[in-house]
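Close look at the chain arrangement
One-letter residues, chain by chain:
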Amino acid sequence: MKIGILAVQGDYEAHARMLERLGADYVLVRTPEEAAQVEAMILPGGESTTMLKFLKGEGLEAALRVLDARGAAFFGTCAGAILLAREVRAPAQDSLGFADLVITRNAYGRQLASEVRSAPSKLKAEPLEMVFIRAPWIEEIGPGVEVLAREGGRPVLVRDGRILVATFHPELTADTTVHEYFLKLAAERPSFVASESGRASDSGRIASDAGASKFASSQPSTTRPSPMPRR
Amino acid sequence: MDSSNGNANNQWRVKVGLAEMLKGGVIMDVTTAEQARIAEQAGACAVMALERVPADIRKEGGVARMASPRIIREIMNTVSIPVMAKARIGHFAEAQVLEALEVDFIDESEVLTPADEENHIWKHDFKVPFVCGARNLGEALRRIAEGAAMIRTKGEAGSGNIVEAVRHMRAITSEMRRLTTLRGDELVHAAKELAAPLELVREVAQRGKLPVPNFSAGGIATPADAALVRQLGAEAVFVGSGIFKSSDPDKRARAIVKAATHYEDAKAVLEASEELGEAMRGLDVRQLDPKELLQTRGW
């Protein structure tokens, strides 16, 4: 299975290094044509306003909506999380709306409030290290959204069906847990290209070899109970 | 760095982490809140707040200092992207003021008149990250040793001429390539020649790249300039005078943002280059008196 990493701006290379470590097949995505060739997408950290320019101006938004309609899995970190949310505040801005979340930008404060923290998660027994950089807050979640980790009482890692959202940067740590979880989630969705199903399960094995049994309590559902209208 | 101390190490990681977030983007010099708004809407990943762009500093002369806090605050209140500001080389008190103002990044910059001709700011003392200019690998590693979380080429600011940024980027990347070919026991001599700490020299020899993001600045005026330095190894670009000294800043800002991302796609850079209006006028660096060069400030 080929994972696309949106590479118009931001820390896309850090995500690429994670996928390399996990032996996953990936491609950097800068054009709609490149987006059409992948079966799951990572939207990295960076500046959401900059990324939004490229989504709006160069046909990438339409390409990502096609992927979503075909049932592709998405994983957004920080700016990527903002792009995936249903509603964005402070300031209000457009978003893809694939995840039933309301998110507030730069909610911890400016760079001086950026910090490395750690908190428990459903993904593994040990606490997860979390790098927050000018991070947003998840203000509200829809009824179909599962909280996988909280920090300071707030959801920071959540899943809306096949859409995974982190307000921190797992790609800036040495821990591959969150990316393994995403690969497993991407592999378990109904394959939108029948001939790809064999390859999809290969990637699934990569994830499960690395201790996926810990994820047993949170198997990705194949359909999302999202109440929001598809745009 | 500072791995003996967990807190210092985590502080270092979030500094470099913000630099990572700016990769692939364009950081634009702005002097007013209105310019900052134009830059953000054009897709800038950050803005540099200053009182005069380098081309005007060059023209008007006098002592160039940190911008007035009022201007910087107005800009911080106008945009949601990170706001950087410049402090004079060695002027740690200006840097303390900028940190108190809560800017997101400080540029210890040769564009301003240096406050200390021997010592740069000891940047590990600050929680806010710093970017510093460099003309070669030794200079880059000395700044990183002092705590810079991002390096940019110095180029020749305010010249609208890419030649110096190209020279500096090629110097840094070719020196890094050479280090990767040396035996371990040859790195001590290399460190002596570079006048840089051995520990950082070894790290570069092992990874083939700087331990912090490596950006380009100084003379970028066109989309093709941005594509050029990106292909030479710059992970993002700073545009100083190039945007707001051109005939149509909004259009030029958008074009350079596009070219910085699609730097390997000549058709996209062509599209970005069409119907742009006039670029800033620019200076032949060879015709400048050596005393007028900004890049020789700092060491």
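Structure's up top.
A brief look at the structure comes next.

What counts as what
Residues numbered from 1 in each chain as written. Chains lettered and ligands numbered in written order. Predicted model: local features only at pLDDT ≥ 70, side-chain atom pairs only at ≥ 80, totals over all residues. Heavy atoms only, no water. Pairing = 2+ DSSP bridges. Helix = DSSP H or I, 4+ residues; strand = E, 2+ residues; numbered from the N terminus. Axes fitted to C-alpha atoms, helices over the stretch in contact; angles between N-to-C directions. Contact = heavy atoms within 4.5 Å. Buried < 20%, exposed > 50% of the residue type's maximum accessible area, 1.4 Å probe, protein only. Polar contact = N/O pair within 3.5 Å; in protein donor to acceptor, adjacent residues only side chain to side chain. Salt bridge = Lys/Arg side-chain N within 4 Å of Asp/Glu carboxyl O. Expected span 1.5 Å × (residues − 1). Buried area = accessible area lost by both parts, 1.4 Å probe. Core = buried A, V, L, I, M, F, W, Y, C linked by side-chain atoms within 4.5 Å. Left-handed = near helix turned anticlockwise from the far one by under 90°. Nonpolar A, V, L, I, M, F, W, Y, C, P; charged D, E, K, R; others polar.

This paragraph deals with the sheet that holds strand β11 (residues 154-160) of chain A. All names here are of chain A. Here we have 7 strands laid out as an open sheet, ordered β2-β1-β3-β4-β12-β11-β10, and mixed in their pairing. In this open sheet, the two edge strands, each paired with only one partner strand, are β2 (25-29) and β10 (146-151). Across the sheet, the mean angle separating the axes of adjacent strands is 20° when strand polarity is ignored. Alignment of strand β4 (residues 73-77) against strand β12 (residues 163-166), held across 4 bridges, turns out to be parallel. For F75, the partnering residue across the bridge sits in β12 and is L164. Packed on one face of the sheet, helix α6 (residues 177-188) meets β1 (2-6), β3 (40-43), β4, β10, β11 and β12 and runs near 160° to β4.

What follows deals with the environment of A55(B). Residues and elements named next belong to chain B. As for its position among the elements, A55 is in helix α3 (residues 54-60). For A55 and G240, which are 185 residues apart along the polypeptide, the C-alpha to C-alpha distance reads 8.4 Å. With residues up to four places along the chain from it excluded, the contact list for A55 reads G158, S241, K245 and M280.

All right, on to the side chain of K154(B) then. Residue and element names in this part refer to chain B. Looking at the element boundaries, K154 is found in the loop between β6 (150-153) and α7 (163-180). Among the residues examined, K154 registers a relative accessible area of 3% and is labelled buried. At 2.7 Å, the side chain of K154 forms a polar contact with the side chain of E139. A distance of 2.6 Å separates a polar side-chain atom of K154 from the backbone oxygen of R297.

As a further point, take the pattern of salt bridges. In this structure the tally under the stated criterion is 42 salt bridges over all chains. For R65(A), the salt bridge identified is with E61(A), shortest N-O distance 2.8 Å. Taken together, the residues span about one helical turn, with R65(A) and E61(A) both in helix α4 (residues 60-69) at a distance of 4 residues. One exposure class covers both R65(A) and E61(A), and it is buried. Of the charged contacts, one joins E235(B) and K23(B) as a salt bridge, the two residues approaching to 3.3 Å between their closest N and O atoms. Residue E235(B) is located in the loop between α10 (223-231) and β8 (237-239), and its partner K23(B) is located in the loop between α1 (6-21) and β1 (26-30); the two are separated by 212 residues in the primary sequence. The pair E235(B) / K23(B) is uniform in exposure class, with both members buried.

All names here are of chain A. With 12 residues, α6 ought to run about 16 Å at 1.5 Å a step, and its terminal C-alpha atoms sit 17 Å apart, in line with that. Most of α6 sits inside the fold, with 11 of its 12 residues counted as buried. Those residues of α6 that fall on the buried side of the exposure criterion are T177, V178, H179, E180, Y181, F182, L183, K184, L185, A186 and A187.

Here we come to the interface of chain A and chain B. You'll often see interface size given as the accessible area lost when the parts meet. Each partner contributes to the interface: chain A provides 36 residues, whereas chain B provides 39 residues. A combined buried area of about 2800 Å² lies between chain A and chain B, and 53% of that area is made up of carbon and sulfur atoms. If you sort the residues of chain A by the area they bury against chain B, R110(A), Q111(A) and L112(A) come out on top, with a joint share of 26%. Taken together, the links from chain A to chain B amount to 4 salt bridges. Salt-bridge contacts for R110(A) lead to D104(B); the nearest nitrogen and oxygen are separated by 2.6 Å. On inspection of chain A and its partner chain B, the count reaches 21 residue pairs in polar contact (both at pLDDT 80 or more). Going through the elements one at a time, α1 (12-21), α3 (48-57), β7 (115-119) and β8 (128-132) of chain A are the ones with two or more residues in the side of chain A that touches chain B. Ranked by the residues each element gives to the side of chain A that touches chain B, the list is headed by α3(A), at 4 residues.

Membership of the largest hydrophobic core comes to 83 residues, with the highest contact counts inside it found for M41(A), F74(A), V165(A), I72(B) and L98(B). Here the element with the most residues in this core is helix α5 (residues 79-84) of chain A; it accounts for 5 residues. Grouped together as the second largest cluster of nonpolar side chains are 34 residues, V178(A), L183(A), L185(A) and A187(A) included.

All right, on to the packing of helix α2 (residues 33-42) of chain B against helix α4 (residues 69-78) of chain B then. All names here are of chain B. Interaxial distance between α2 and α4 falls to 9 Å at its minimum, and their mutual angle equals 35°. Crossing handedness for the pair α2 and α4: right-handed. Along its contact with α2, which presents A33, A36, R37 and E40, the element α4 presents E74, I75 and T78. Per-class residue counts for the contact of α2 with α4 are 3 nonpolar, 1 polar and 3 charged.

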